[in-house]
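A closer look at the structure
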Amino acid sequence: MHSLATNKNRDSEPILDVKDIAVYRSGKLVLQNINLTINRGEFVGLVGPNGSGKSTLMLTILGILNSYRGSVSIYGLQPQASLLFGKIGWVSQAASNLPKDIRLTVRELVRLGTIHGRNMFNFKSSRQQEQVDRAIKMVDLEDVQHIDIARLSGGQRQRAVIARALASKAEFILLDEPLVGIDRDARNSLLKLLDGLCHNEGKTILMVSHDLAAIRQTAHRMIFLEETIRFDGDTEEFPDLVELADLRGIGPVHGHAEHVHHADSGHHSHIHKEEE
Ligand SMILES: Nc1ncnc2c1ncn2[C@@H]1O[C@H](COP(=O)(O)OP(=O)(O)OP(=O)(O)O)[C@@H](O)[C@H]1O
Ligand SMILES: [Mg+2]
């Protein structure tokens, strides 16, 4: 099954192609029948209940976990191929909890993004400084660039980690719950930043979030994952709660009350019932 999302880029250029993967963790089947294509410039929101496999899917795309079958290709290469170094940015679920005992300034953290296997010994340092400057500016952390990361707010820390990815010139940025632990203003400006990266810089973003309201504001395309992909389509067509419950084969969705009043949407189509 291919994505139903209408592509904003007419000449769509696939960046990620996941074909029929299944992933086991500790002997338990966590993901199955996953088929997913993401094109350049897309901003894709990945949602699903706790334990539904969102982080597992991210880690499999990154090549940190192996799929039991099927294939993952990024820019036509296998995950972790050395040519991909720097092309992929990863902002982990724990990014806002960077170890507090490490003494590292924002600028130093961002600079780490410019260091990778291919350029370790011959990277021109002026160019490296430029990349660092630009990344810090893009996330609006110039004022705190010489401050220890331990002293930043949660939202600033997320920005710093995103800047590290930008400094690496990552074209495809994966974020796992970047909105956790940050206040509403920080959340909105982070979403704006990410949206701008897609629109103005041609970056491609895959972002996991529990904050359904926030992610629907920004992502063009939504994926609902629960062991397999149960919905993949335009954000406007994302199902409401009743339909979600139906997709999940359960009664009314138990769970996060704060999602309830946001989950109503006018159009309901392209819902993929699980194929048996
Ligand atoms: N290191 C691990 N070893 C074994 N099983 C794991 C491991 N990490 C996760 N799992 C299991 O894999 C399944 C999917 O977990 P995953 O972390 O991908 O879910 P998630 O959708 O990211 O959840 P959350 O919203 O809580 O972050 C769960 O059943 C979980 O218990
Ligand atoms: Mg997770």
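Numbering of residues starts from 1 in every chain and runs along the sequence as written. Each chain takes a letter, starting from A, and each ligand takes a number, starting from 1, following the order in which they are written. For this predicted model, a pLDDT threshold of at least 70 governs which residues receive local features, and a threshold of 80 or more governs which side-chain atom pairs are given and counted, while totals over whole chains, interfaces and linings are taken from all residues.

1. Comments concerning the overall build of the protein
For the record, the criterion: The way it works is that DSSP assigns letters per residue, a run of H or I at least four long becomes a helix, a run of E at least two long becomes a strand, and they are numbered from the N terminus. Labels follow a simple rule on C-beta atoms placed from the backbone: if 20 or more others lie within 10 Å of a residue's own, it is buried; if 12 or fewer, it is exposed; otherwise it is partly exposed. Here, residue contact means that the backbone-derived C-beta atoms of the two residues sit within 7 Å.
In terms of helices and strands, the protein carries 7 helices and 9 strands. Counting every position in the protein, which comprises 276 residues, the buried fraction comes to 40%. Contacts in the protein between residues far apart in sequence, at least 24 positions, make up 71% of those at least 6 positions apart.

2. Here's the deal with unusual backbone geometry
Unusually for a residue other than glycine, D140 sits at a positive phi of about 65°. By secondary structure assignment, the location of D140 is in the loop between α3 (125-138) and α4 (154-167). Owing to 13 C-beta atoms within 10 Å, D140 belongs among the partly exposed residues under this scheme.

3. Points about the confidence of the model for the protein
Worth spelling out the cut-off: A residue's pLDDT is the confidence the predictor assigns to it, expressed on a 0 to 100 scale.
For the protein, mean pLDDT is 81; residues scoring 70 or higher make up 80% of the total. When mean pLDDT is compared element by element in the protein, strand β2 (residues 28-39) scores highest at 97, while helix α7 (residues 241-247) scores lowest at 77. Across residues 1-10, where pLDDT falls below 50, the model places 20 contacts with residues more than four positions away in sequence or in other chains. A low-confidence stretch, residues 255-276 (pLDDT under 50), is modelled with 34 contacts involving residues beyond four sequence positions or located in other chains.

4. Details of the nonpolar core
Using the following cut-off: Each nonpolar core consists of buried Ala, Val, Leu, Ile, Met, Phe, Trp, Tyr and Cys residues. Their C-beta atoms, within 7 Å, join them into a set.
In terms of nonpolar packing, the biggest core is built from 65 residues, with V110, A163 and I205 touching the most fellow members. No other element matches α4, which puts 7 residues into this core. Ignoring any residue separated from it by four or fewer positions in sequence, one finds V110 in contact with V132, A135, I136, A160, A163, R164 and A167.

5. Some thoughts on α3
We apply this condition: Expected span of a helix, by definition, is 1.5 Å for each gap between consecutive residues, and there is one gap fewer than residues. Within this analysis, the arc is defined by the directions that extend from the helix axis to the C-beta atoms.
Here α3 is 14 residues long and its end C-alpha atoms lie 20 Å apart, about the 20 Å a rise of 1.5 Å per residue gives. All buried positions along α3 are accounted for by V132, A135 and I136. For α3, the angular spread of buried residues about the axis comes to 100°, placing them on one side. Set apart from the buried face of α3 by more than 90 degrees, the exposed residues are S126 and R127. If you follow the buried residues of α3, they end up packed against α2 (106-112) and α4. D140 lies just past α3 and shows a positive phi near 65°.

6. Some words on the site of ligand 1
To keep it simple, the criterion reads: Put plainly, near means the residue's C-beta atom, positioned from the backbone, lies within 6 Å of the molecule or strand in question. Residue polarity follows a fixed list, in which Ala, Val, Leu, Ile, Met, Phe, Trp, Tyr, Cys and Pro are nonpolar, Asp, Glu, Lys and Arg are charged, and the others, Gly among them, are polar.
What surrounds ligand 1 is the set R25, S26, V30, G48, N50, G51, S52, G53, K54, S55 and T56. Looking at which element gives the most residues to the shell around ligand 1, the answer is helix α1 (residues 54-61), with 3 residues. Broken down by class, the residue content of the shell around ligand 1 amounts to 1 nonpolar, 8 polar and 2 charged.

7. Focus: the pairing of strand β1 (residues 14-25)
Note the cut-off: Pairing between two strands requires that DSSP report at least two bridges joining them.
Bridge count for β1 against β2 is 8 bridges, and the pairing is antiparallel. When the bridges of β2 are listed, Y24 appears paired with L29. Hairpin remark: β1 followed by β2, antiparallel, with 2 residues in the connecting loop; positive phi at S26, about 50°. Alignment of β1 against strand β4 (residues 69-74), held across 5 bridges, turns out to be antiparallel. Looking at β4, one finds that V18 is bridged to V72.

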